Amino acid sequence: MPATITAVTHYFPPDIYKNDYFSKYLDTSDEWIKTRTGISERRFLKEGATSDLIVPAAKQLLEQKGLSPSDIDTIIVSTVTPDHMFPNTAAVVQDKVGMPNAWGFDISAACSGYLFSLRTAASLVESGTSKRVLLCGADKMSSIMDFQDRATAVLFGDGGTATLVEMSDDPNYGILDNILHIDGEGGKYLKQIAGGSFKPASHETVDKREHYIFQDGQNVFKAAVKGMADVSTEIMQRHNLSHDDIAWLVPHQANLRIISATANRMGLSPDKVMINIDKYANTTSATIPSCLSEWKDAGKIKKGDYLVLSSFGAGFTWGAILLRWNMNV
Ligand code: UT7
């Protein structure tokens, strides 16, 4: 029996920053940002850490499901902006929500973190190791953004989500298949240069702004279009699914042009693609689950719908998951 998603929630901090926030002090414009990325605004968490983006989503999820914190046996946090290098953010979330029966850990796979974590959560459930996994995809990207670099500052936002992964009650519904990849050759194009054991923090690394996101946008863009489109098409073909059979493509939200090219290559019409990058920008581990949560809340996903979740990010890491929705609206 496959595992499945039985609940998903999201939390975005209340403070909205429109594109004009950046054009007031950087050589950029609302028009450039909208046409090159599809982003109109994003949210930044003024005070607090990544765990503070997760806790409201986790509490909302438990309330929705009528569960007590003690019902969760495993916590996975997918993030590249952990509260600390150690202890892991799963421990912080365990403490803040008060989940006495859980063990847990963090997964770092950048923008593919949610897909890699969803597969991991599903495997824990399918093997019988875990019954209820609370998967928290969240990033406080503002903590590693260089607000003086127009090439990256305009691209990211902060967001938190919670997903409950349990055993499906039907073999035809749930997390049906995955194609996941990693290729370290791409590491040079998108990274946080300093702060790890390779280059510990020093006055020099701070002066050189090496704790912020470094990105060679064009090379990432080209690899992302090919990577996301190819795995999404491959997973459809593997299951003999045509574009008519797919209800939604749920892509990582890094750039509207990447999303459109992916949908195009899959032969999917734009009205079958979940897009919320315009409101939240790239929130890394929170993009795909926040789309699922918003679409679910709006009643736009039906039980039995085939969804293709697709991502590309630093590593390079990329992949697709085929999910047959198993929740009644
Ligand atoms: O989620 C993780 C994975 N990340 C991604 O998938 C991101 C992939 N990359 C991208 O989305 C795009 O490459 C960007 C949005 C980052 C950049 O778009 P682009 O169309 O590739 O632009 P570009 O880097 O080729 O830059 C074009 C021009 C340059 O000026 P010149 O050299 O033509 O004079 C840049 O300096 O645009 C300039 N530019 C800007 N101009 C105004 C770069 N950033 C900005 C800006 N405002 N914010």
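Residues numbered from 1 in each chain as written. Predicted model: local features only at pLDDT ≥ 70, side-chain atom pairs only at ≥ 80, totals over all residues. Heavy atoms only, no water.

### A few points about the sheet that holds strand S1 (residues 3-11)
Here is step 1: Reading across from one edge, S1-S7-S6-S4-S5 is the order of the five strands in this open sheet, with mixed pairing throughout. The open sheet is flanked by S1 and strand S5 (103-107), the only strands paired with a single partner. Adjacent strand axes in the sheet meet at a mean angle of 20° when their direction is disregarded.
Here is step 2: Note: strand S4 (residues 74-78) against S5, five bridges, orientation parallel. Bridge pairing links isoleucine 76 to phenylalanine 105 in S5.
Here is step 3: Here helix H4 (residues 89-97) sits on the sheet and contacts S4 and S5; the angle it forms with S4, its principal contact strand, is near 125°. (Pairing = 2+ DSSP bridges. Helix = DSSP H or I, 4+ residues; strand = E, 2+ residues; numbered from the N terminus. Axes fitted to C-alpha atoms, helices over the stretch in contact; angles between N-to-C directions. Contact = heavy atoms within 4.5 Å.)

### Some details on the sheet that holds strand S8 (residues 174-182)
Sheet strands line up and pair through hydrogen bonds in the backbone, either parallel or antiparallel.
Here is step 1: The mixed open sheet is built from four strands, whose spatial order is S8-S13-S12-S11. Among the strands making up the open sheet, the edge pair consists of S8 and strand S11 (246-251). Taken over all neighbouring pairs, the strand axes of this sheet differ in orientation by 15° on average, direction set aside.
Here is step 2: As judged from the five bridges shared by S11 and strand S12 (residues 306-313), these two strands associate in the parallel manner. Note that in S12 the partner of proline 251 across the bridge is serine 310.
Here is step 3: Sheet strands in contact with helix H5 (residues 113-126) are S8, S12 and strand S13 (317-324), and its direction is about 130° off that of S8.

### A word on the site of the ligand
Here is step 1: Looking at the ligand, there are 22 residues lining it, with Thr28, Gln218, Asn255, Arg257 and Asn282 nearest.
Here is step 2: In the environment of the ligand, an oxygen atom lies 2.9 Å from a nitrogen or oxygen atom belonging to the side chain of arginine 150.
Here is step 3: Side-chain polar atom of asparagine 282 to an oxygen atom of the ligand: 2.7 Å apart, as the coordinates give it.
Here is step 4: Protein coverage of the free-state accessible area of the ligand, which is 950 Å², stands at 73%.
Here is step 5: Its residues assigned to classes, the shell around the ligand comprises ten nonpolar, eight polar and four charged.
Here is step 6: Structurally, the shell around the ligand is a two-domain feature, drawing no fewer than three residues from each of domain 1 (3-167) and domain 2 (174-324). (Near = heavy atom within 4 Å. Polar contact = N/O pair within 3.5 Å; in protein donor to acceptor, adjacent residues only side chain to side chain. Areas by Shrake-Rupley, 256 points an atom, 1.4 Å probe, with all protein chains shown as cover. Nonpolar A, V, L, I, M, F, W, Y, C, P; charged D, E, K, R; others polar. Domains from an automatic or database assignment.)

### Regarding the nonpolar core
Here is step 1: In this structure, Ile213, Leu249, Val308 and Phe312 are the most contacted members of the largest nonpolar core, which totals 42 residues.
Here is step 2: Looking at which element gives the most residues to this core, the answer is helix H8 (residues 217-238), with seven residues.
Here is step 3: Mapped onto the domain boundaries, this core takes at least three residues apiece from domain 1 (3-167) and domain 2 (174-324).
Here is step 4: Setting aside anything within four residues of it in sequence, one finds valine 308 in contact with Ser232, Ile235, Met236, Ile246, Trp248, Leu249, Val250, Met266, Ala320, Ile321 and Leu322.
Here is step 5: Formed by 32 residues, the second largest nonpolar core is a distinct cluster that contains Ala109, Leu292, Trp295 and Leu307. (Core = buried A, V, L, I, M, F, W, Y, C linked by side-chain atoms within 4.5 Å. Buried < 20%, exposed > 50% of the residue type's maximum accessible area, 1.4 Å probe, protein only.)

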